[in-house]
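Listed below, chain by chain, are the residues.
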Amino acid sequence: MGRFLQINPDDNVIVALDPISKGDEVRINDKLTVVAEDDVPAGHKMAIKDIAEGSNVIKYGYAIGHTTEEIKKGRWLHTHDVKTNLEGILDYKYQPDTEDIQNKIEKMGTQSRTFKGFVRKNGKVGIRNEIWIIPTVGCVNNIATALAKEANNYVEGSVDEVVAFTHNYGCSQTGDDQEHTRIILSDIIKHPNAGGVLVLGLGCENSNIDVLKPYLGDFDADRIKFLVCQQSDDEMADGLEILKELINTAKDDKREDVDASKLIIGLKCGGSDGFSGITANPLVGRISDKIVQCGGTSILTEVPEMFGAETILMNRCKDEETFNDTVNMINGFKNYFTKLGEPIYENPSPGNKAGGITTLEDKSLGCTQKSGSFPVMNVMEYGETTDTKGLNLLCAPGNDLCAATALASAGAQIVLFTTGRGTPFACPVPTMKIATNPTIAQKKSNWIDFGAGQILEGRTFEELTEELFDKILATASGEKLKSELAGFHDMAIWKQGVTL
């Protein structure tokens with residue numbers, strides 16, 4: 001690829017793939033050579049044309065902000081001289097490519113692959129056979145953790161492990177905030193990656209077990225069991241006996257061949273850098289397309305990181321109703337910020353900026369590439385589970401743990417997580433870390449599962465798409481990811497209201 005990349009022919013900036021030093025001559029094409037006026041770090045942008053003050057900076061073929069002073073070609077462009085163009089609540093018009101949408105819909109489900117999963121009684125498919133402990137309230141977190149540690153001594157058969165998913169909520173909440181907690185907990189309790197679940201309550205909390213049970217609907221009483229600690233003389237002994245029963249029930253579960261149409265993948269990025277929109281995110285977009293072509297489902301979330309690129313998603317909506325749902329999701333999230341007195345565009349993060357991302361548009365145009373090219377088939381509220389094949393949008397924040405948990409609660413059996421800075425976290429389901437650059441893949445090999453930065457070293461998207469898809473199917477068939485091998489498991493619920 002050379003030392004730089006001009007992503008779109010209309011761009012007035014290039015991205016440095018390696019550091020560019022002041023005075024370097026950078027040959028853009030046969031007709032244009034630019035002398036660097038500044039040092040340009042890898043992942044950052046350099047102007048290849050003179051840009052007047054107040055004019056748009058173009059990357060990916062779209063404006064990512066405007067200059068705050070006159071820029072001469074060869075200058076390093078970043079937060080010191082570029083500002084966002086984004087504003088508040090906007091009006092949108094549905095402008096779809098109807099022919100392309102219809103052609104893509106006709107390709108959905110036309111390919112076939114298989115993996116080995118656990119088919120549950122309700123027809124859903126798990127890619128793990130874990131025993132989960134789900135507290136109804138944070139007060140019993142330590143009991144849940146202690147029970148999981150003890151119960152892992154009794155794991156046998158096809159049971160992977162016993163995991164406690166602690167959280168801080170379930171009490172002292174009101175309104176929608178409490179409601180969302182109950183919905184998320186019930187979604188996780190019913191997740192097919194769990195071969196058995198112990199719901200662990202305290203007894204006096206707002207979201208106690210009796211309150212939570214109606215949210216579960218019909219459930220397998222052999223696989224989901226309950227313990228109220230205040231009603232037990234010895235909650236450790238009683239909890240351990242229940243966990244032994246669940247292990248005994250699940251130990252004989254067998255993996256069987258399952259069509260890839262049963263796969264639901266979550267799409268998430270975090271610790272993004274200037275390479276995210278060049279390597280890992282477009283690679284994951286190709287994976288999303290491949291899953292959809294196999295008849296499966298992908299889910300894109302982190303709404304604030306759609307701001308500035310939302311019209312691309314809106315114009316890919318399958319119909320005007322889905323378009324309106326997307327508009328409501330985007331503007332509703334902006335209202336969430338403004339009603340709390342917070343700026344809508346308090347983004348990117350310090351790590352994003354250090355990696356070369358300048359504005360929210362810059363970040364969003366890279367972020368949304370994880371959605372691939374297929375139409376948006378459905379828009380989900382936070383806590384909703386999907387039964388819609390194809391690409392879904394999910395309302396959730398950009399926070400890594402909250403968003404990844406929301407993807408799991410929406411039904412994803414695995415989350416694909418692209419990162420340029422690296423992160424060790426995991427969510428309730430296997431969380432595959434995909435590095436955007438070779439440096440982080442090598443430095444944090446104990447965190448990273450796949451290196452999309454190989455694109456920068458000459459590998460093709462076609463080659464890596466096949467390799468990554470094979471790895472996803474292997475993971476779905478039982479191959480453990482780095483965070484699983486490290487024993488990392490996290491769950492975070494989106495706090496949206498007051499605490500009493």
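Residues numbered from 1 in each chain as written. Predicted model: local features only at pLDDT ≥ 70, side-chain atom pairs only at ≥ 80, totals over all residues. Heavy atoms only, no water.

Let's talk about the nonpolar core
Inference 1: Ranked by internal contacts, the top residues of the largest apolar core, which has 91 residues, are Phe307, Leu416 and Ile434.
Inference 2: When near neighbours in sequence (up to four residues on either side) are disregarded, Leu416 contacts Ile265, Gly266, Leu267, Lys268, Val284, Ile287, Met432, Ile434 and Ile472.
Inference 3: Formed by 23 residues, the second largest nonpolar core is a distinct cluster that contains Ile133, Val137, Ala151 and Leu246. (Core = buried A, V, L, I, M, F, W, Y, C linked by side-chain atoms within 4.5 Å. Buried < 20%, exposed > 50% of the residue type's maximum accessible area, 1.4 Å probe, protein only. Contact = heavy atoms within 4.5 Å.)

Observations regarding the environment of Leu90
Inference 1: Along the chain, Leu90 turns up in the loop between strand 9 (82–83) and helix 1 (98–107).
Inference 2: In this structure, the C-alpha to C-alpha distance between Leu90 and Asn331, residues 241 residues apart in sequence, is 7.3 Å.
Inference 3: Dropping the residues within four chain positions of it, Leu90 is found in contact with Glu310, Asn331 and Lys334. (Helix = DSSP H or I, 4+ residues; strand = E, 2+ residues; numbered from the N terminus.)

Considering the packing of helix 3 (residues 175–189) against helix 11 (residues 400–409)
Inference 1: Where helix 3 meets helix 11, the axes come as close as 8 Å, and the angle between the chain directions of the two elements is 55 degrees. With respect to helix 11, the axis of helix 3 lies oblique. Note on packing geometry: the crossing formed by helix 3 with helix 11 is left-handed. Between helix 3 and helix 11, the contacting residues are Ile184, Asp187 and Ile188 on the first element and Thr405, Ala408 and Ser409 on the second. (Axes fitted to C-alpha atoms, helices over the stretch in contact; angles between N-to-C directions. Parallel < 35°, antiparallel > 145°, perpendicular 65-115°, else oblique. Left-handed = near helix turned anticlockwise from the far one by under 90°.)

Concerning empty space enclosed by the protein
Rolled over the atoms, a probe as big as a water molecule pinpoints where empty space is left.
Inference 1: Using the criterion set out here, one finds three cavities of 30 Å³ or more in the structure.
Inference 2: Empty space within the largest cavity amounts to approximately 70 Å³.
Inference 3: Taken together, 14 residues make up the lining of the largest cavity; nearest its centre are Asp273, Ser276, Ile357, Lys363 and Gly366.
Inference 4: Sort the elements by how many residues they give to the lining of the largest cavity and helix 10 (residues 360–367) lands first, with four residues.
Inference 5: Within the lining of the largest cavity, the residues separate by chemical class into four nonpolar, six polar and four charged.
Inference 6: Within this model, the second largest cavity holds a volume of roughly 50 Å³. (1 Å grid on protein atoms, 1.4 Å probe; cavity = no way out; pocket = protein on both sides within 12 Å on 5 of 7 lines; lining within 4 Å. Points joined across faces, edges and corners; volume = space filled by probe spheres on them. Nonpolar A, V, L, I, M, F, W, Y, C, P; charged D, E, K, R; others polar.)

Purely spatial values, then, with no claim about function.
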